[in-house]
Amino acid sequence: MTQTTPDAPVRRQRAQIKVRTLRTDRWWIAPLLTFLALTAFLVYGVWAILDGSYFIDPYIAPFSSPCLSTSCVEGARLFGWAPIGDWYTLPPGLLILGLPGGFRLTCYYYRKSYYRSFWLSPPACAVQEPHGKYTGETRFPLIMQNIHRYFFYAAILIGAILSYDAILAMVHKPQGLGSWILLVNAVLIVAYTLSCHSCRHITAGRLNHFSKHPLRYKAWTFVSKLNAKHQPLAWASMFSVMGADLYVRLVAKGIIAFPFA
Amino acid sequence: MSYKAKFKVWRGEGGEGKLEDFTVEVNEGEVVLDIIHRLQATQAPDLAVRWNCKAGKCGSCSMEINGKPRLGCMTRMSTFTEEETITVTPMRTFPVIKDLVTDVSFNYQKAMEIPSFTPPAGVRPGEYRMQQVDVERSQEFRKCIECFMCNNVCHVIRDHEENKTAFAGPRFLMRIAELDMHPYDVADRQEAAQEEHGLGHCNITKCCTEVCPEHIKITDNALIPMKERVADRKYDPLVWLGNKIFKRSSK
Ligand code: SF4
Ligand code: SF4
Ligand code: FES
Ligand code: FES
């Protein structure tokens, strides 16, 4: 057998294994399911934004809340307020779509899920990615992911508005199934929002002396607990917002029409 | 209780090599490293494998078992069926010396590139006073046994050899986070994390966390918090303004 020394060129080489992976489990299932679920969410979102039946007293569909233009029916407006005038004729949901959309798009968990399932970078651990070059989030456009915290601030507002909508529905129609659906959705959305990594950073993650900031440390401890559940909360709130939105639209269309709807 | 298992083991010097078939006895309670040792004892006396503690604490026996980075000494044979063929290969990201033994000096090189703990001038050893809550986060990272499986699995360098110069790998980005969070460290770690050690290459897909035998939440507790700190520093105009107005620093 030939002898190799530490500086022989062959010693600088990785194992020349010719297959993409030697994994024997079904590693492709998770990215496949993620791909299907996220695609379904996108497709539903596009349909919902274009759909006109977003309001039936006292419910407003979460995808179209807050409703900010004059084209929104009186009861759908937030505090009766319509800052965007007649000139705006597109679906009102489009006005706010960018905020929750951007929040999820730049979310650390969603990034993981779509980098893996859409971009296959990597599709699963120890499975080679199909790209020849890789620069990650070092340059435009992906470097823009760093603005996630600004979407977080906006998401706090949206979370508050959805909670307000749910409480309003609860007050006006406590026996309505829709009120309960909106309430559950609001709780999940708020929990998802508070479990955000940027939120964790802002509460106290950025500090090095927790002991000097006991209140912020407490908040950080709470957010950290939620943060450990960020992935399940992302999914739960995604399905709940989709479900609640669809429910309201079906009631508004008269497709769901039982007495306690 | 004992049975014959089918193994495929990577054999070869340097990168050249091939998978060799073996049929070998397996007894109850054994781990993959036991089987590799049995191969050495009975069929392949020159089979090279690095190991030391056989207790999951020295980080020497990192290898890939059925394609997944694992510690040989912590992978029980009972997790496989008796019919399964078990494939054992060296870590993919590092050059092979022989058989299952890789040259992990990339990692030592990266470790050296990170400036060590830098206390404020005038504080002497023995004068540090720290609260438990202030060092707790860093302590999680100190559980690391330097098995380098996280760096091995990270697609940034596993699939792109050319990124090795620009990217320190999760193990050492975590080291930077550890120091940056340390109440007594005053060195500027944030700028360097992004510009010199390649934090931006990480796309938080969490494979490092998935393989860590110490179950350190590398991505959630070190890499993402570090990305947020870098964002404070480089990408957030409001924080920048706040720091100017209130003359505060994040330390
Ligand atoms: S989370 Fe980042 S550092 Fe960890 S394996 Fe993935 S890309 Fe690499
Ligand atoms: S962080 Fe975990 S996987 Fe990485 S070297 Fe340390 S123990 Fe191994
Ligand atoms: S919402 Fe997921 S990290 Fe901020
Ligand atoms: S031999 Fe020490 S970790 Fe496996």
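Above this text you will find the structure in question.
Sequence order sets the numbering: in each chain, residues are counted from 1 along the sequence as written. Chain letters and ligand numbers both follow the written order, the letters beginning at A and the numbers at 1. Residues qualify for local features only when their pLDDT is at least 70, as the model is predicted, and side-chain atom pairs are given and counted only at 80 or more; totals for whole chains, interfaces and linings, by contrast, use all residues. The basis for every side-chain value is the complete set of heavy atoms in the structure, and neither hydrogens nor water enter the calculation.

## Quick look at the pairing of strand 1 (residues 3-11) of chain B
Residue and element names in this part refer to chain B.
Point 1. By this definition, two strands are paired if DSSP reports at least two bridges between them. Secondary structure follows DSSP: runs of H or I at least 4 residues long count as helices, runs of E at least 2 residues long count as strands, and numbering of each begins at the N terminus. With nine bridges connecting them, strand 1 and strand 2 (residues 18-26) associate as antiparallel partners. Looking across to strand 2, one finds that lysine 4 is bridged to glutamate 25.
Point 2. Between strand 1 and strand 2, which follow one another and run antiparallel, lie six residues, and glycine 12 among them has a positive phi close to 155 degrees.
Point 3. Two strands pair when backbone bridges link them, and strand 1 and strand 5 (residues 85-89) are joined in this way by four bridges, in the parallel orientation. Its bridge partner lying in strand 5, valine 9 is registered against valine 88.

## Examining helix 8 (residues 230-252) of chain A
Point 1. The end-to-end C-alpha distance of helix 8 of chain A, which contains 23 residues, comes to 32 Å, matching closely the 33 Å that a straight helix rising 1.5 Å per residue would cover.
Point 2. Downstream of helix 8 of chain A by one or two residues, A:Gly254 has phi in the positive range, about 80 degrees. Take the residue count of a helix, subtract one, and multiply by 1.5 Å to get its expected span.

## Some remarks on the site of ligand 2
Point 1. Whether a residue is near a molecule or strand depends on its heavy atoms: if one lies within 4 Å, it is near. Looking at ligand 2, the residues that line it are B:Cys144, B:Ile145, B:Glu146, B:Cys147, B:Phe148, B:Cys150, B:Arg171, B:Met174, B:Cys212, B:Pro213 and B:Ile218.
Point 2. Put simply, Ala, Val, Leu, Ile, Met, Phe, Trp, Tyr, Cys and Pro go in the nonpolar bin, Asp, Glu, Lys and Arg in the charged bin, and everything else, Gly too, in the polar bin. Split by residue class, the shell around ligand 2 holds nine nonpolar, no polar and two charged.

## Focus: the state of the cysteines
Point 1. Disulfides are defined as cysteine sulfur pairs within 2.5 Å. Taken as a whole, this structure holds two disulfides over all chains when the rule is applied.
Point 2. Each disulfide pairs two cysteine sulfurs, and for A:Cys67 the partner residue is A:Cys72, the sulfurs being separated by 2.3 Å. The sign of the S-S torsion, about -85 degrees, decides the handedness of the disulfide formed by A:Cys67 and A:Cys72: left-handed. Just as A:Cys67 is buried, A:Cys72 falls in that class too.
Point 3. Residue A:Cys125 pairs covalently with B:Cys207 via a disulfide, S to S 2.1 Å. The sign of the -90 degrees torsion about the S-S bond sets the A:Cys125-B:Cys207 disulfide as left-handed. Of this pair, A:Cys125 sits in the loop between helix 3 (108-117) and helix 4 (148-172) while B:Cys207 sits in helix 8 (residues 207-211), which puts the two residues in different chains. Think of it in three bands: with a 1.4 Å probe and only protein chains considered, a residue is buried below 20% of the maximum accessible area for its type, exposed above 50%, and partly exposed in between.

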